[in-house]
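Examination of the molecular architecture
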Amino acid sequence: MDCINNEILNLPVLPLRGLVVFPKTLLHFDVGRDKSQKAINLAMKRNQQIFLVAQKNPSIKDPLPSDLYSMGVVATIIQVIKQPDGATRVIVEGQKRASINEYIDNERCLFAQVTLIPEYSKISSTREIALIRSVKEIFERYSKYVPKLSSDIMFKVAMSENGGELADFITANVIPEYQDKQLILETIDTSERLETLLDILNQEIYILDIEDEIAAKARERIDEQQRDYFLREQRNIIESELGEGESPSSEADELIDKIKALKLDDESETTLIKECKKLSKMPFGSQEASVIKTYLDTVLDLPWNLSTKDKLNLKTVKNKLEKNHYGLTKVKERIIEQLAVRKLNPDTKGQILCLVGPPGVGKTSIAQSVAEAIGRKSARIALGGVRDEAEIRGHRRTYIGSMPGRIMAAIKSAGSNNPLLILDEVDKLGADYKGDPSSALLEVLDAEQNNKFVDHYIDIPFDLSKVFFITTANDASTIPAPLYDRMEVINIDSYTREEKFNIAKKHLIPKQLEENGLTSKEVKFAPSAIYSMIDSYTKEAGVRRLEHEIAKAIRKFAVKFVNGEEESIKFTDKNIGDYLGVKKYSSDKLNAKDEIGLVNGLAWTSVGGTTLPIEVAVMEGTGKINLTGSLGDVMQESAQAAITCIRSHADLLGIDSEFYKTKDIHIHAPEGAVPKDGPSAGITMATAIYSALSMRPVRRDIAMTGEITLRGKILQIGGLKEKSMAAYKAGIKTVYIPKDNVSDLQELDPVVKEAINFVACESFTDVVFSATVEPIVVKEKQNVVLPKNTVSTSAAVRQ
């Protein structure tokens, strides 16, 4: 070993991954890298000496000089063994510490000039002796945490007197991290080396102490779980021997597993697990155990994490809606808009729509079709006549027979947490001493609050923000204002005659043929038959009655078909009466001639529009005014306003200004048994009064609608679509409307707009000048000159 005595050596370098070799230690390891094997071969050819140095990063496969520590160990290769897999096993013995001066170019392997670092004297100072004792004491404590230390290591540590060798030996055999080993290797001063080792050992003892504490707690939990398991098994065996079957305790264990699988929020999970623990302590057959079990089963049956995926193909959804329903354009457009928004922003909150319209126009059925079109599950909640708040929020579990409210019951029935819920007849909710259901709906139908809806029975929050709510109502005025404000209202008008025809042809007739077991080859409906049923056998806003009449006609034929009397039939307006009986309603018809004091008005009803003739008779008298025809308060006030308007314009209109003293006026609206109300007959009354006072007939082919003021202004009215359809069916050629209603003409049926001339008017004089048959001669007063061609004062609007 002559070379070890030299201070500077030129040696091949062997990089080690995760290994640090110390002087006077024997170590074996496998070498697989090509350069490392070449370094070993070169060392064996020279003097078996090699420089061993650790890599800073063990993951580097082909390290450069910069990737190696500068301090290593000069070692002697004791033995080289070739392995079958091509690797080389090397046994080396460390000799002395050495530091790299510089690397020498070598094509085969790393080669460096190193300087040997001499060890200090074996004579230990007093401080060093104290450090040695401290290290041995700490090592003894450490050995208690690592019982697998060999007795040889313990013996050598106990016998070692040299501080440097003791530190190297303990580090080489005990310290796990190669960075800590390298730190000890690079510490040349013996005292500093021992102090560093003390710090590392104390840190290791601290970590091992924590590991033992963790392991002890884990053992305690396992022991407690095993104890509980054995106790439960014993209890189950005892209960089984007693013939009590499945106990509440075993059910509770199953329920706890199901609750944890739901992954609810911590508060909800804790609440449910408490109920399970209560159940586990209940005796078999306990009534309270049955109540708790029913509650937990109800909660677990809710679709907490189940949802359906929306179908967001707008064209497909639109086609499905068009196929299932004729008309209802506003509803369809709103649904398509909502799907477009959801496609752009999948996290958008659930919407609340309110469909308001008369009975039978398809509010509920279109809502169900929407659910089918977008791929959501649906459930319907009938709210008509509901008077108890608990119907919405549920009953508290303190009551006998308590159950969830209708909202949570519908969610459970739908089977997903994002269904489409149809709240039917929301305008017919009642209120009494049990509470106000409409107030309970405020939270349900508020997209900002319903993400944590708490049903009194369920008693933990459920997220309703993903639910698509569609409510239906016949009369929006009866919906409480706060509830109305939370919904987006879409008004559905009554069907026109043409819409009813198309619905019957495309939907009702095929449906009834299928339900009655007949085909279109055996039963046909001519257009005249359908129109006859609409005009003469039904009077409704929707099509329910029409469907009943269609079904009635088909059933009548079915009897003849089964008896072999007829094989097929084509219903027409000529033979439909043989199956449906006498006509129930007569169509509105024009008068045979122009009459004085008779004007065609237009009215809106819950079943659509209708003509409303106003009759006025003027007689000699003392100025009495009679109003008949079941007129409501508003309509009576309109009559008073019309009379006052005529009086204030008497001179201008060329009538006796004293008529209110010498004439009795009787205003009548036919069909006296039918209540009538509203302000839109004001212009009709004013025109009829003028006609009766001036003895000038009113054209029979005109109709009018509009509210009148004392100054003769004509104000905007509603229901123009239905009123115009009534005028069309009656054969009216010209309809006078308020000028402010011109924008409503674009919503009218194209057939109506083609057949009727709509005249927009601002003042009642615009109407009376063109509605009367004979020319009006008007006196001049206050320099007011009226135009000769009075018709031109009206703006004709043709859409």
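Values in this document were obtained by computation on a predicted structure and should not be read as measured data.

1. Re the overall build of the chain
Across its full length, the chain holds 27 helices and 25 strands. The C-alpha radius of gyration computed for the chain amounts to 50 Å, which surpasses the reference 28 Å derived for 799 residues by more than 25%, pointing to a less compact arrangement than a globule. For the chain, the spread of C-alpha atoms along the three principal axes comes to 150 × 80 × 60 Å. Taking all 799 residues of the chain together, 47% fall into the buried category.

2. Some thoughts on the environment of Ala771
Tracing the backbone through its elements, the reader meets Ala771 in helix H27 (residues 764–771). You can call Ala771 buried: its relative accessible area is 0%. For the pair Ala771 and Ala703, spaced 68 residues apart in sequence, the C-alpha separation works out to 9.0 Å. Apart from the residues lying within four places of it in its own chain, the contact partners of Ala771 are Thr687, Pro697, Val698, Arg699, Ile702, Met704 and Tyr736.

3. Remarks on the sheet that holds strand S13 (residues 488–491)
As summarised here, the arrangement of the five strands in space is S8-S9-S12-S7-S13, forming an open sheet in which the pairing is parallel. Each edge of the open sheet is held by one strand with a lone partner, namely strand S8 (378–382) and S13. Here the average twist between neighbouring strands, direction ignored, is 20°. Along the sheet face, helix H12 (residues 363–374) touches strand S7 (352–356), S8, strand S9 (420–424) and strand S12 (468–473) and points at about 175° away from the line of S9. Where helix H14 (residues 406–414) meets the sheet, it contacts S8 and S9, and its direction lies at approximately 155° from that of S8.

4. So, unusual backbone geometry
Notably, Gln48 is not glycine yet its phi reads approximately 65°, a positive angle. Relative to the assigned elements, Gln48 resides in the loop between helix H1 (34–46) and strand S3 (49–54). Although it is not a glycine, Asp459 sits at a positive phi angle of roughly 70°. In this structure, Asp459 sits in the loop between strand S10 (453–454) and strand S11 (461–462).

5. Some details on the packing of aromatic side chains
For the structure shown, the criterion picks out seven aromatic pairs. Where Phe501 meets Tyr531, the ring centres are 4.6 Å apart and the plane angle is 5°; that geometry is what we call stacked. Remark: Tyr531 occurs in helix H18 (residues 527–536) and Phe501 occurs in helix H17 (residues 497–515); sequence separation between them is 30 residues. Judged by its relative accessible area of 10%, Phe501 is buried. An aromatic cluster of three or more residues is present, and its members are Phe525, Phe571 and Tyr579. A cation over a ring is seen here: Arg647 above Tyr660, with NZ or CZ 3.5 Å from the ring centre.

6. Some points on the packing of helix H8 (residues 266–280) against helix H9 (residues 287–301)
Contact geometry for H8 and H9: axes closest at 10 Å, N-to-C directions at 150°. Comparing their axes, H9 and H8 come out roughly antiparallel. Both H8 and H9 take part in a crossing whose hand is left-handed. Along the contact surface, H8 presents Leu272, Glu275, Cys276, Lys278 and Leu279, while H9 presents Ala289, Ile292, Lys293, Tyr295, Leu296 and Val299. In terms of residue class, the contact of H8 with H9 is made up of eight nonpolar, no polar and three charged.

7. Concerning the nonpolar core
Counting 52 residues, the largest nonpolar core has Trp304, Leu441 and Val444 as its most contacted members. Broken down by element, the residue count for this core peaks at six residues, all from H9. Excluding its chain neighbours within four sequence positions, the residues that come into contact with Leu441 are Leu383, Ile392, Leu423, Val426, Leu429 and Leu483. Counting 51 residues, the second-largest nonpolar core is a separate cluster that includes Val317, Ile366, Val523 and Phe571.

8. So, the pattern of salt bridges
Close approach of charged atoms lets side chains of opposite charge pair. Counted under the stated rule, the structure contains 26 salt bridges. Of the charged contacts, one joins Glu762 and Lys739 as a salt bridge, the two residues approaching to 3.6 Å between their closest N and O atoms. With a gap of 23 residues between them, Glu762 in the loop between strand S24 (757–761) and H27 and Lys739 in the loop between strand S23 (734–738) and helix H26 (750–755) connect regions that are remote in the sequence. Among the residues examined, Lys739 registers a relative accessible area of 43% and is labelled partly exposed. Overlapping salt bridges bring together Arg97, Asp168 and Arg193 as one network.

9. Focus: helix H5 (residues 178–186)
Among all positions of H5, only Tyr178, Lys181, Gln182, Ile184 and Leu185 are buried. Buried residues in H5, looked at end-on, bunch into an arc of 160°, giving them a common side.

10. Overview of the side chain of Gln37
Looking at the secondary structure, you find Gln37 in helix H1. Within polar-contact distance, the side chain of Gln37 engages the backbone oxygen of Val31 at 3.3 Å.

11. Brief notes about the state of the cysteines
Overall, the coordinates contain zero disulfides when judged by the stated rule. Summary of cysteine pairing: Cys645 is not part of a disulfide, and the nearest cysteine sulfur, belonging to Cys761, is at 13 Å.

12. Describing the side chain of Asn417
You can see Asn417 is positioned in the loop between H14 and S9. For Asn417, a relative accessible area of 6% puts it in the buried group. In terms of polar contacts, Asn417 uses its side chain to reach the backbone carbonyl oxygen of Trp304, at 3.2 Å.

13. Focus on a positive patch on the surface
Taken together, the side chains of Lys260, Lys274, Lys277 and Lys281 define a basic patch exposed on the protein surface. Inspection of the secondary structure assignment puts Lys277 in helix H8.

14. Considering the pairing of S9
Buried residues dominate S9, accounting for five of its five residues. Here S8 pairs with S9 via five bridges, running parallel. Its bridge partner lying in S9, Arg380 is registered against Ile422. Sheet topology places S9 next to S12; four bridges connect them, and they run parallel. The residue of S12 that forms the bridge with Ile422 is Ile470.

15. Digging into helix H2 (residues 126–145)
If you check H2, its first and last C-alpha atoms are 30 Å apart, about what 20 residues at 1.5 Å a residue would give, namely 28 Å. Of the positions making up H2, those classed as buried are Glu128, Leu131, Ile132, Val135, Ile138, Phe139, Tyr142 and Ser143. Down the axis of H2, the buried side of the element spans an arc of 145°, and every buried residue falls inside it. Turned more than 90 degrees off the buried face of H2, the exposed positions are Thr126, Arg133, Glu137 and Lys144.

16. Quick word on the confidence of the model for the chain
Looking at the chain as a whole, the pLDDT averages 82, with 91% of positions reaching at least 70. Overall, residues 1–5 carries pLDDT values under 50, and its contacts beyond four positions in sequence, including any with other chains, amount to eleven contacts. Low pLDDT (under 50) marks residues 775–799, which in the prediction has 45 contacts with non-local residues, meaning those over four places away or in another chain.

17. Here's the deal with the environment of Lys309
As for its placement among the helices and strands, Lys309 is situated in the loop between H9 and helix H10 (314–324). For Lys309, a relative accessible area of 75% puts it in the exposed group. Once the C-alpha coordinates of Lys309 and Pro23 are considered, the two residues, 286 residues apart in sequence, prove to be 70 Å apart. Leaving out residues up to four positions away in the same chain, Lys309 has contacts with Ile374 and Gly375.

Definitions and cut-offs
Residues numbered from 1 in each chain as written. Predicted model: local features only at pLDDT ≥ 70, side-chain atom pairs only at ≥ 80, totals over all residues. Heavy atoms only, no water. Helix = DSSP H or I, 4+ residues; strand = E, 2+ residues; numbered from the N terminus. Rg over C-alpha atoms; globule rule 2.2 N^0.38 Å. Buried < 20%, exposed > 50% of the residue type's maximum accessible area, 1.4 Å probe, protein only. Contact = heavy atoms within 4.5 Å. Pairing = 2+ DSSP bridges. Axes fitted to C-alpha atoms, helices over the stretch in contact; angles between N-to-C directions. Phe/Tyr/Trp six-rings, centres within 6.5 Å; stacked < 30°, edge-to-face > 60°. Lys NZ or Arg CZ within 6 Å of the ring centre and 35° of its normal. Parallel < 35°, antiparallel > 145°, perpendicular 65-115°, else oblique. Left-handed = near helix turned anticlockwise from the far one by under 90°. Nonpolar A, V, L, I, M, F, W, Y, C, P; charged D, E, K, R; others polar. Core = buried A, V, L, I, M, F, W, Y, C linked by side-chain atoms within 4.5 Å. Salt bridge = Lys/Arg side-chain N within 4 Å of Asp/Glu carboxyl O. Arc of directions from axis to C-beta. Polar contact = N/O pair within 3.5 Å; in protein donor to acceptor, adjacent residues only side chain to side chain. Disulfide = S-S within 2.5 Å. Patch = residues over 30% accessible without salt bridge, like charges linked within 9 Å, V, L, I, M, F, W, Y side chains within 5 Å. Areas by Shrake-Rupley, 256 points an atom, 1.4 Å probe, with all protein chains shown as cover. Lys, Arg positive; Asp, Glu negative; His and termini not counted. Charge placed at Lys NZ, Arg CZ, Asp CG, Glu CD. Expected span 1.5 Å × (residues − 1). pLDDT = per-residue confidence, 0-100.

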